[in-house]
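Residues per chain, in single letters:
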Amino acid sequence: MIWLPLVCSTASSGSAEQRRVYQRGLQALRSGQRGVVQQLLEQLEPGCTWSHLLQGHCKLMVERDESAAEVLYRRAQREAAQREESGEAEYAFGRLHRLAGRFPDADEHYAKAVALLPDNEELEQEFLFVRGRTALAGPSPGSAVEPLERGFARASAAWKRHFARELAHAQGFSGHVDKAAQLYEEALGLGGMPSRMAIGESFKVLAAHHERSSAATAVDFLRLACASYSLAAEGAAAQQEGRSATVAASACLRLAEALQGLYALGDDPQAYHPESGVHATATERARGSASAASVAAASGQPAKHADSTSHADPADSTSHADPLPRGLDVAAAQYERAMRLDPSLVAAYDGLAQLLLGVSRLANFGTQAACQPAAAFGPTPSCAPACQPAAAFGRTP
């Protein structure tokens, strides 16, 4: 579709009237009323700032053509003669960069737009979100708490879930375990977090972030990760339909890894794990699976795993192997459970084999898990009001 003004406006040519037409066009665009947008474009003076901006929004929101939108925004910027026009042009650039995930660039334009349009509440809300996301990806992610708390307090319904999620990340990086857990729950209820699995992954990343500076904080987050993975596994297993077994198996795999992390940090997974003993299996049977798991890991193919009701042959030398240390047996049990739920999950065979052979990468938790905040949480969400997104976190508003 070609978005071009067809005739000169018959309405008032004053800047205030043109801006009102532009704002109506933007609202219609967000509502999907393309016919109305075209009619309003025809009421704007060809070549004026407002016409270029609205055409640019059409390119960005409807045609997903970022390059064409940027060209039109630059034209709008050149034509801007008043404070409101310059502010809306900066706002447009900020939104463009935000939707592309370029938060430092977006932050620069939003800051200029807020200075020019101080009474625009929607702009202020987006600016606080971008300021928080920029801080989360920087060297001091805890500094994101202040702007995100301000934004969360004033967020519209469409943005509330996104602020809840990002503020949970920020509180977690600051070491506020309880606040982070509460906000993740709120984000899950609002639709800002896609699943319990995603929350577990977030907790695991936060544990890795704190592992070198505070082992106790890392343990707290890993415990929360275990609880999230356990709930995810039980919830998926109870559905008994579609991909539920695969999802449950993945949750059990993550739970096994988190339990190993607790052990590596000096905690006792057996004492913590809420399901200790419920799904536990004999160490001998876990040992008996080791050779098959090792072959599977080396070949990249899943090995046939013994049924959970079978017993190790007393004559089998593996049944006389030394028992696993207290705590690691529950991790081994979760690897086994993952294999039963999804026999094609090669990572579970590999994880169990490395655990039993004593070469697990999780023996040093922080070395493998630690990562930068930006990499940890993936692309940001995208919200309908702003025209639009982990990781896990979707796209932002």
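Small disclaimer: the values here were computed from a predicted structure and weren't measured.

The rules behind these values
Residues numbered from 1 in each chain as written. Predicted model: local features only at pLDDT ≥ 70, side-chain atom pairs only at ≥ 80, totals over all residues. Heavy atoms only, no water. Helix = DSSP H or I, 4+ residues; strand = E, 2+ residues; numbered from the N terminus. Buried < 20%, exposed > 50% of the residue type's maximum accessible area, 1.4 Å probe, protein only. Areas by Shrake-Rupley, 256 points an atom, 1.4 Å probe, with all protein chains shown as cover. Phe/Tyr/Trp six-rings, centres within 6.5 Å; stacked < 30°, edge-to-face > 60°. Lys NZ or Arg CZ within 6 Å of the ring centre and 35° of its normal. Arc of directions from axis to C-beta. Contact = heavy atoms within 4.5 Å. Core = buried A, V, L, I, M, F, W, Y, C linked by side-chain atoms within 4.5 Å. pLDDT = per-residue confidence, 0-100. Expected span 1.5 Å × (residues − 1). Salt bridge = Lys/Arg side-chain N within 4 Å of Asp/Glu carboxyl O.

**Points about the overall build of the chain**
Step number 1: When helices and strands are tallied, the chain shows 20 helices and zero strands.
Step number 2: Expressed as a percentage of the 397 residues in the chain, the buried residues total 50%.
Step number 3: Approximately 17200 Å² of the chain is accessible, and the part contributed by carbon and sulfur atoms is 51%.

**Here's the deal with the packing of aromatic side chains**
Step number 1: If you walk through the whole model with that rule in mind, you get eight aromatic pairs.
Step number 2: Here the aromatic rings of Tyr73 and Phe93 are separated by 5.8 Å at their centres, their planes lie at 70 degrees, and the arrangement is edge-to-face. Taken together, the residues Tyr73 in helix α4 (residues 66-79) and Phe93 in helix α5 (residues 83-99) connect sequence positions 20 residues apart.
Step number 3: With centroids separated by 6.0 Å and ring planes inclined at 45 degrees, the aromatic side chains of Trp159 and Phe163 adopt a geometry described as tilted. A residue pair is termed a helical-turn pair when its members lie 3 or 4 positions apart in one helix, as Trp159 and Phe163 do in helix α9 (residues 157-173) at four residues.
Step number 4: Exposure remark for Trp159: the relative accessible area of 0% places this residue in the buried category.
Step number 5: With a relative accessible area of 0%, Phe163 lands in the buried category.
Step number 6: Above the face of the Tyr91 ring, Arg95 is positioned so that its terminal group lies 4.4 Å from the ring centre.

**Observations concerning unusual backbone geometry**
Step number 1: Here the phi dihedral of Arg64 falls at roughly 55 degrees; this positive angle occurs in a residue that is not glycine.
Step number 2: Among the structural elements, Arg64 can be located in the loop between α3 (49-61) and α4.
Step number 3: Classification of Arg64 by relative accessible area gives exposed; the value is 58%.

**Things to note about helix α8 (residues 145-154)**
Each turn of an α-helix holds 3.6 residues, which means side chains three or four residues apart point in the same direction.
Step number 1: All of the buried residues in α8 are Val145, Pro147, Leu148, Gly151 and Phe152. The buried residues of α8 occupy an angular sector of 165 degrees when the element is viewed end-on, so they sit on one face.
Step number 2: Turning to α8, the residues buried within the fold contact α7 (121-136), α9 and α10 (177-190).

**Considering the nonpolar core**
If you look at soluble globular proteins, the nonpolar side chains tend to sit buried side by side.
Step number 1: Of all hydrophobic cores here, the largest spans 72 residues; its most connected members are Phe163, Tyr184 and Phe203.
Step number 2: Aside from chain neighbours lying at most four places away, what touches Phe163 is Gln125, Leu128, Phe129, Leu148, Gly151, Phe152 and Ala155.
Step number 3: Formed by 24 residues, the second largest nonpolar core is a distinct cluster that contains Trp50, Ala92, Phe93 and Leu96.

**Observations concerning the confidence of the model for the chain**
Step number 1: Confidence in the prediction for the chain averages 80 pLDDT; 73% of positions are at 70 or higher.
Step number 2: Contacts of residues 1-13 to residues separated by more than four positions or lying in other chains number 33 contacts, the stretch itself having pLDDT below 50.
Step number 3: Note that residues 276-320 has pLDDT below 50 and, in this model, 65 contacts with residues that lie over four places away or in other chains.

**Here's the deal with the environment of Ala81**
Step number 1: Inspection of the secondary structure puts Ala81 in the loop between α4 and α5.
Step number 2: On the basis of relative accessibility, which here comes to 69%, the residue Ala81 falls in the exposed class.
Step number 3: The sequence separation of Ala81 and Ser15 amounts to 66 residues, and the corresponding C-alpha distance is 9.8 Å.

**A few points about the side chain of Ser228**
Step number 1: Checked against the element boundaries, Ser228 lands in helix α12 (residues 215-239).
Step number 2: Among all residues touching Ser228, those that are not within four sequence positions of it are Arg196, Ile199, Gly200 and Phe203.

**Structural notes on helix α1 (residues 15-30)**
Step number 1: Between its first and last C-alpha, α1 extends 23 Å over 16 residues, near the 22 Å set by a 1.5 Å rise per residue.
Step number 2: Restricting attention to buried positions, one finds in α1 the residues Gln18, Val21, Tyr22, Gly25, Leu26, Ala28 and Leu29. Viewed end-on, α1 has its buried residues packed into an arc of 160 degrees, placing them on one side of the element.
Step number 3: Where α1 is buried, its residues contact α2 (34-43), α3 and α5.

**Details of the pattern of salt bridges**
Step number 1: This structure, assessed with the given rule, holds 21 salt bridges.
Step number 2: Notably, a salt bridge pairs Glu166 with Arg133, separated by 3.5 Å at the nearest N-O pair. With a gap of 33 residues between them, Glu166 in helix α9 and Arg133 in helix α7 connect regions that are remote in the sequence.
Step number 3: In this structure Glu166 comes out as buried when scored by relative accessible area, which is 1%.

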